[in-house]
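Survey of secondary and tertiary structure
Listed here are the chains, written in short residue letters.
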Amino acid sequence: MTRKYLLIVSILLELILYYTISNTNKTYIFFRVISHTIIFLWSYQSLKPNLTKTDLLVLLNIFIPIISPILHLFSDKITSVVFELVIISIGNLALIAVFITQKEYFNSKLITKTFLQILVPYIVLPTLFFYFVLHPTTSINEFLVITYILILVVFAVTSSYFSKNQRVSMYLTISVGLLFLASGANGYRLFVTSYFFDFGLVRIATVFSKYFLALGFITNKRLQQ
């Protein structure tokens, strides 16, 4: 319970600083690091002592948001955004490896049924959003953005086949949904236009995406013990 309170407080302090006194001097980033560190330490404590290769790849993905904002302190907007795209993609590739190698094998009928369920939210909508909304306005290298989105889509699709357990699947589905929300909202505010509570929406969606991702893998490991 203390962990949840600390997480909520760190998110609130980050947003309060961003929207009041620290939008320019970037001290709000300190609390961003704290919130993701809380999730990382909780994940580590929950997955040990027998850390598998899967656990390490999951921890890598959860650790990346701790270091991804560092470049914001020392570089221009474009450089820091490119760095975040690259490092987040690396974290997502790590989880794709987990989903592919550790997935439970379903029969072909269930594979088709699942694919039809995720086709629109995980493939069609992200593609349309990029092509009609971000593509005309993005100032970032187009190849990099397309690669990031493709990795994101593959990450989402492969996560759908990871477990037949309803709780694990629910947690991962929530995580993926929040990740898409965070990525889309952030892309829109960076490349199209700012909007009310844009930074807050991105940060809340990002933090809880990692929280539910961790919860999914922690639950999965406990079920296997």
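Below or above, wherever it landed, is the structure these notes cover. Worth saying up front: this structure is predicted, and the values here are computed from it rather than measured. (Residues numbered from 1 in each chain as written. Predicted model: local features only at pLDDT ≥ 70, side-chain atom pairs only at ≥ 80, totals over all residues. Heavy atoms only, no water.)

Some remarks on the packing of aromatic side chains
The full count for this structure, using the stated rule, is 20 aromatic pairs. Three or more aromatic residues joined by ring pairs form one cluster here, namely Tyr 18, Tyr 19, Tyr 28, Phe 196, Phe 197 and Phe 199. (Phe/Tyr/Trp six-rings, centres within 6.5 Å; stacked < 30°, edge-to-face > 60°.)

Overview of the nonpolar core
Within the largest apolar cluster, 57 residues are counted, with the highest numbers of intra-cluster contacts made by Ile 39, Leu 95 and Phe 217. Of all the secondary structure elements, the ones that give two or more residues to this core are helix 1 (2-19), helix 2 (29-47), helix 3 (53-67), helix 4 (77-102), helix 5 (108-134), helix 6 (142-159), helix 7 (166-191) and helix 8 (198-224). If one sorts the elements of this core by residue count, helix 6 sits on top with 10 residues. When near neighbours in sequence (up to four residues on either side) are disregarded, Ile 39 contacts Leu 7, Ile 62, Val 207, Lys 210, Tyr 211 and Ala 214. (Core = buried A, V, L, I, M, F, W, Y, C linked by side-chain atoms within 4.5 Å. Buried < 20%, exposed > 50% of the residue type's maximum accessible area, 1.4 Å probe, protein only. Helix = DSSP H or I, 4+ residues; strand = E, 2+ residues; numbered from the N terminus. Contact = heavy atoms within 4.5 Å.)

Considerations on unusual backbone geometry
Note the cis peptide between Lys 48 and Pro 49, where omega equals 10°. If you check the backbone angles, Phe 197 has positive phi at about 60° while not being a glycine. Take Phe 197: it is sitting in the loop between helix 7 and helix 8.

Some thoughts on the packing of helix 1 against helix 2
Packing of helix 1 against helix 2 leaves a shortest axis separation of 8 Å and a crossing angle of 160°. It follows from the interaxial angle that helix 1 and helix 2 lie roughly antiparallel. In this structure, helix 1 crosses over helix 2, and the sense of that crossing is left-handed. Mapping the contact onto sequence places Arg 3, Leu 6, Leu 7, Ser 10, Ile 11, Leu 13, Glu 14 and Leu 17 in helix 1 and Phe 31, Arg 32, Ile 34, Ser 35, Ile 38, Ile 39 and Trp 42 in helix 2. A class-by-class count of the residues in the contact of helix 1 with helix 2 yields 10 nonpolar, two polar and three charged. (Axes fitted to C-alpha atoms, helices over the stretch in contact; angles between N-to-C directions. Parallel < 35°, antiparallel > 145°, perpendicular 65-115°, else oblique. Left-handed = near helix turned anticlockwise from the far one by under 90°. Nonpolar A, V, L, I, M, F, W, Y, C, P; charged D, E, K, R; others polar.)

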